[in-house]
Amino acid sequence: MDLPLNNGNKKTLSRLGSSSRLSSHHQSLAGAPLPGKYKTFHQKKPERLEDVRYNGWLDAMKSSSPTCAYLTKDVGITSDDSYSFWMLKYPSAIKSFEQIMDLAHDRKMAVFLDYDGTLSPIVDDPDCAFMSEEMQLAVKNIAYYFPTAIISGRSCDKIYELVGLDELYYAGSHGMDIMGPVSSNLFNHHLKCVESTDQQFGEDVGLLQPAREFLPMIDEVFRTLVENTKDIKGIKVENHKFCASIHYRNVDEKDWPRVAQCVLAILEDYPHLKITHGRKVLEVRPVIDWNKGNAVEFLLDSLSGMDNCAGVVPIYVGDDRTDEDAFKVLQARGYGFGILVSSVPKETNASYSLRDTSEV
């Protein structure tokens, strides 16, 4: 169910253009900034594959599900105590709700949500990461009042399949695949945007795909990863269109070096791709200056419908390292609220916290 890369009438887009609410409070994608030129740096290659221990990969893999050790070291306090201590810096968003509402008084709001670990619990099989009916209804209700977007590392098609709500904007592949309504003058301003007209409803749907030229490369790497890791028990490789994910959550830890070596060996032939680390997942992504933070900026500038987007208060809720890019954007702007979902203390650029998906 790939999205089209050029103009055309595609039924797959009708679901996102069908909601009357979408056009009522969601403005055009036109007027939002596009990514700049691609970065030209290259990944440093170790002399031998056995050197993966020295380039930090294994350490990063092991720390992808952080503990609170950095707080409890040499202090002698319990995990519960450390979490309470951590919440002094990152207070509960639930207990701080009135304060947040007071700060957002008389200003429009926009809501940005990660999916895995935020709307749905982290599970062993990514294909079984379903959010509850209660959560789906809550998201639907929020989208009725505020422009709402899901920003996920999954493909745009997959995240829509899991969420199933027409009222939302969807940004897949860590923001490299953004879908939403557009205006007819979009192409006069943004060459990276692609427009498709929905025949059934007569509404335009725009795609922002800043890494579009990397599609063949990602697909090639995905196929190679599947082939070269097929003998590693428990591994799962997914193609998220503009990135490839290697899940090692179910891989025995003694085989993690094999995972790292395999991925590193493949990427040696692709200097324009890089690896990022998530919660027990390695992600192969294009080396471009674009992440969830850029996606938030783009959507804020386009969804606000205002000359001064400072009139819109963004709320971003996420649990992963990749969400830190969005938290940093809100922090740099000096307004908005980043909310980290975490059951353990860890460093973050968010302002508030929630313990798990049940509190979201």
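Residues numbered from 1 in each chain as written. Predicted model: local features only at pLDDT ≥ 70, side-chain atom pairs only at ≥ 80, totals over all residues. Heavy atoms only, no water.

Engineer: Could you clarify how one ought to interpret the overall build of the chain in this entry?
Structural biologist: Each helix and strand in the chain was counted, giving twelve helices and 13 strands. A buried classification covers 53% of the 360 residues belonging to the chain. Element-wise, carbon and sulfur atoms account for 49% of the exposed surface of the chain, whose accessible area totals about 16800 Å². (Helix = DSSP H or I, 4+ residues; strand = E, 2+ residues; numbered from the N terminus. Buried < 20%, exposed > 50% of the residue type's maximum accessible area, 1.4 Å probe, protein only. Areas by Shrake-Rupley, 256 points an atom, 1.4 Å probe, with all protein chains shown as cover.)

Engineer: Help me understand the sheet that holds strand β7 (residues 236-239), please; the structure alone is not making it clear to me.
Structural biologist: In any sheet, the strands associate via hydrogen bonds between backbone groups, in a parallel or an antiparallel arrangement. In space, the four strands of this open sheet follow the order β7-β8-β10-β9, with antiparallel pairing throughout. With partners counted over all chains shown, the strands left at the sheet margins are β7 and β9 (273-278), one partner each. Here the strands of the sheet are splayed against their neighbours by 20 degrees on average, with no regard to which way each runs. The sheet contact formed by β7 and strand β8 (residues 244-247) spans four bridges and is antiparallel. Within the sheet, the bridge partner assigned to V237 lies in β8 and is I246. Packed onto the sheet, helix α10 (residues 256-267) meets β8, β9 and β10 (281-286) and runs at close to 155 degrees relative to β9. (Pairing = 2+ DSSP bridges. Axes fitted to C-alpha atoms, helices over the stretch in contact; angles between N-to-C directions. Contact = heavy atoms within 4.5 Å.)

Engineer: Explain the layout of surface pockets here, please?
Structural biologist: If a probe as big as a water molecule is rolled over the atoms, it shows which places are left empty. Reported here for the largest pocket is a volume of approximately 520 Å³. F97, I142, I315, I339 and V360 are the residues nearest the centre of the largest pocket, which is lined by 20 residues in total. Those elements that place two or more of their residues in the lining of the largest pocket are α6 (97-103), β1 (108-113), α7 (133-145) and β11 (312-318). Sort the elements by how many residues they give to the lining of the largest pocket and α7 lands first, with four residues. Considered class by class, the residues forming the lining of the largest pocket number 19 nonpolar, no polar and one charged. (1 Å grid on protein atoms, 1.4 Å probe; cavity = no way out; pocket = protein on both sides within 12 Å on 5 of 7 lines; lining within 4 Å. Points joined across faces, edges and corners; volume = space filled by probe spheres on them. Nonpolar A, V, L, I, M, F, W, Y, C, P; charged D, E, K, R; others polar.)

Engineer: Help me understand the environment of Y144 in this model?
Structural biologist: When you line up the elements, Y144 lands in helix α7. For Y144 and L168, which are 24 residues apart along the polypeptide, the C-alpha to C-alpha distance reads 9.3 Å.

Engineer: Could you clarify how one ought to interpret the packing of helix α9 (residues 215-228) against α10 in this entry?
Structural biologist: How two helices sit against one another is set out by the angle between their axes and by the gap between those axes. Close contact between α9 and α10 brings their axes to 10 Å; oriented N to C, the two are set at 145 degrees. The interaxial crossing formed by α9 with α10 has right-handed handedness. Contact residues: V221, T224, L225 and N228 in α9; C262, V263 and I266 in α10. Residue composition of the contact of α9 with α10, by class: five nonpolar, two polar and no charged. (Left-handed = near helix turned anticlockwise from the far one by under 90°.)

Engineer: Teacher, can you tell me more about the side chain of N291 here?
Structural biologist: Positionally, N291 belongs in the loop between β10 and α11 (292-303). Given a relative accessible area of 18%, N291 falls into the buried group. Sequence-distant contacts of N291, that is, excluding residues within four places in its chain, are made with H174, R285 and D325.

Engineer: I tried to follow the packing of aromatic side chains on my own but got confused; where do I start?
Structural biologist: Two aromatic rings are characterised by how far apart their centres lie and by the angle between their planes. The final tally for this structure, using the stated rule, is seven aromatic pairs. Taken together, a centroid distance of 5.2 Å and an interplanar angle of 45 degrees make the contact between W86 and Y90 tilted. W86 gets classed as buried once you look at its relative accessible area, which sits at 3%. We classify Y90 as buried; its relative accessible area is 4%. Aromatic pair Y316 and F327: ring centres 5.6 Å apart, planes at 90 degrees, arrangement edge-to-face. With Y316 in strand β11 and F327 in helix α12 (residues 324-333), this pair connects stretches of sequence that are eleven residues apart. Each of the two residues, Y316 as well as F327, counts as buried. (Phe/Tyr/Trp six-rings, centres within 6.5 Å; stacked < 30°, edge-to-face > 60°.)

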